[in-house]
Amino acid sequence: MMREAILGISAYYHDSAAAIIVDGEIVAAAQEERFTRKKHDSSFPANAVNFVLDEAGIDPGTLRAVVFYEKPLIKFERLLETYHAFAPRGLNSFLVAIPAWVKEKLFMKKMLRAELEKIHKAKYRLLFPEHHLSHAASAFFPSPFNEAAILTIDGVGEWATTTIGYGNGNRIEIMKELHFPHSIGLLYSAFTYYTGFRVNSGEYKLMGLAPYGINGSGQVGDFIEKIKSELVDIRDDGSILLNMSYFRYATGLKMTDDKKWERLFGFPPRKESDPLTLDYMNMALAIQQVTEEIVLKLARTAKELTGSRNLAMAGGVALNSVANGKLLAEKIFDDIWIQPAAGDAGGAVGAALAAWHIWKGAERLASEDYDKMKGAFLGPAFHNDEILKTLRKYQAEYQYYQDFDSLIKTTAEYIAGGKVAGWFQGRMEYGPRALGNRSILGDARNPEMQKKMNLKIKFREGFRPFAPAVTEEAIAEYFELDRPSPYMLLVVPVNGSRCIPQPEDYDDFGLYEKLYRVRSDIPAVTHVDFSARLQSVSRETNPRFWQLISEFKRQTGCSVLINTSFNVRGEPIVCSPDEAYRCFMRTEMDYLVMGDYLLDKTRQPAEVKNLLQNEVFGMD
């Protein structure tokens, strides 16, 4: 019996990706950036398409459909109507944007067919669900819920920027929409820009900066009042109206009217190289708290409209793990499931699932203990023979372990001794988080580890927090959470019994004085507000990573490791053994574990070490 396969694609904005569904099962998915090594690559995901087809063993000519994650013509309509509404403002932006649309994007079907024919000459049925339907499908269909409220929040799709929907079985109903230019995601991105970070990549930095602001201070309160009185009108149902006289994203080439913002807040937009002063920290905290208020109101509206006990979420704002933690704590819903690839990359999975269940009408069987995203381990895997080829290519020194238990024991000993290890196992993760297959690991108990890993290994801003990975069985011992968090999408308090009291004037400390204080017995993963963005590790979903943490617990009594993505600032997470080895050699990682091979940095060939360490890093 021939298998039915549907290919989903997201492309041409940022984070292009491809995913394949075979008989309703998500078989493979990957972002194009992991193959091209261009962070947030927006080009047609030819490499990702080839990978998912090969992984699924599907002849491209037999695809039931190819599904693009949004409707380009409606997006073009929004573009034209927006320029018309704001005319004569935006002429420069119009002259930049429209030629690209007229030349290429307006003829998306033709462009997609041309790209697909480079892979395989065949006639493909092309489908175009709306952007937020793709998000909604990516949230609901892989979730463990038979029925759920659905909340999607991002910058903008065609017209919608936020939707509330309801999923039941194989059906999704979109019940309410918020339309462009009024956008929670773009409001947050405007503050991302103003505090000196890059839009569409720096939002998580803004979220990480927020706890350095002084909660309850007069300045934070003043900023919140100004945001809510001048920039955004927040309605009781969570919908918003932005005062567009303060923003330039609708028709301009930047996010804000800088002069008006400077008059409002009293200081100019920060340049990326400028120091982070308390003004910007308090601004980050203010917009984070306003965003949380909006998300909570939207969730309450979704609850009222649907009556569901469950919530599924997607869209870029669903990656705001601090807001997610607050939402969970409010207990508006009994359970929440968030798509791990919540941004545009996840639209590829959602588009394919929407076609399978809505267009084709295939039934959906949900199970409360079955995650159809498979832990997000949907990318390429490399076996020992492929790893060995890379090691021979670089004449690397290595030790091969026939007994994986011995490898685990040795690796845990090194980490417990203050060493940092690259960890490369199994299938690459789909989405922005490394979840234990393309990770860099360290000892969460070590008070020096956060600084070392930020500055000497990741080459990124020193204020950035790290996430803890904890075995599922030990969550409650370390964190105030009563359920798994497999996708690193919830920020919750560190268990109070593990925290160390701070001086009364702690909130008045400067950024780095506050940063480098020991706040708990797992200081390297405890943020300055005593929170952590944890990942729980399941024995069933990731047995090797679970075994390593368990062995670390046996040796040290601690069930927590630092888990950060296997990359450096400005570069995508590594995909292949070659990329892993090069990253290992260009940083101050001490050890690298790839498959069943262990590498010691001190034993690598000096000429290779010198060559790779002189390569230029890509910085965002």
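Check the entry above for the structure.
Below is a short write-up of the structure. (Residues numbered from 1 in each chain as written. Predicted model: local features only at pLDDT ≥ 70, side-chain atom pairs only at ≥ 80, totals over all residues. Heavy atoms only, no water.)

1. Observations concerning helix 14 (residues 384–393)
Looking at helix 14, one finds that the buried residues are Ile387, Leu388, Thr390 and Leu391. Projected down its long axis, helix 14 shows its buried positions confined to an angular sector of 160°, all on one face. Exposed and facing more than 90 degrees away from the buried side of helix 14 are Lys389, Arg392 and Lys393. Buried residues in helix 14 make contact with helix 20 (577–585), strand 20 (591–594) and strand 21 (597–600). Positive phi appears at glutamine 395, one or two residues downstream of helix 14, with a value of about 50°. (Buried < 20%, exposed > 50% of the residue type's maximum accessible area, 1.4 Å probe, protein only. Helix = DSSP H or I, 4+ residues; strand = E, 2+ residues; numbered from the N terminus. Arc of directions from axis to C-beta. Contact = heavy atoms within 4.5 Å.)

2. Remarks on the sheet that holds strand 6 (residues 147–153)
Strand order in the open sheet formed by five strands is 8-7-6-11-12, and the pairing between neighbours is mixed. In the strand order of this sheet, the two ends are held by strand 8 (171–179) and strand 12 (335–338), each with one partner. Recorded for the sheet is a direction-independent mean angle of 20° between the axes of neighbouring strands. In this sheet, strand 11 (residues 310–314) lies alongside strand 6 in parallel orientation, the contact comprising four bridges. If you follow leucine 151 over to strand 11, its bridge partner there is methionine 313. (Pairing = 2+ DSSP bridges. Axes fitted to C-alpha atoms, helices over the stretch in contact; angles between N-to-C directions.)

3. With respect to the packing of aromatic side chains
On inspection of all chains with the given rule, the structure shows 29 aromatic pairs. Pairing tyrosine 194 with phenylalanine 267 gives two aromatic rings, centres 6.3 Å apart and planes at 55°, and the pair type is tilted. Taken together, the residues span a long stretch of sequence, with tyrosine 194 in helix 7 (residues 184–194) and phenylalanine 267 in the loop between helix 10 (258–265) and helix 11 (278–306) at a distance of 73 residues. Classification of phenylalanine 267 by relative accessible area gives buried; the value is 6%. Feature note: the residues Phe180, Phe191, Tyr194, Phe223, Phe247, Tyr249, Trp261, Phe265, Phe267 and Tyr280 constitute an aromatic cluster, connected by ring pairs. The ring of tyrosine 516 is capped by lysine 451, whose NZ or CZ atom sits 5.1 Å from the centre of that ring. Across from the ring centre of phenylalanine 584, 4.7 Å away, lies the NZ or CZ of lysine 601, which sits over that ring. (Phe/Tyr/Trp six-rings, centres within 6.5 Å; stacked < 30°, edge-to-face > 60°. Lys NZ or Arg CZ within 6 Å of the ring centre and 35° of its normal.)

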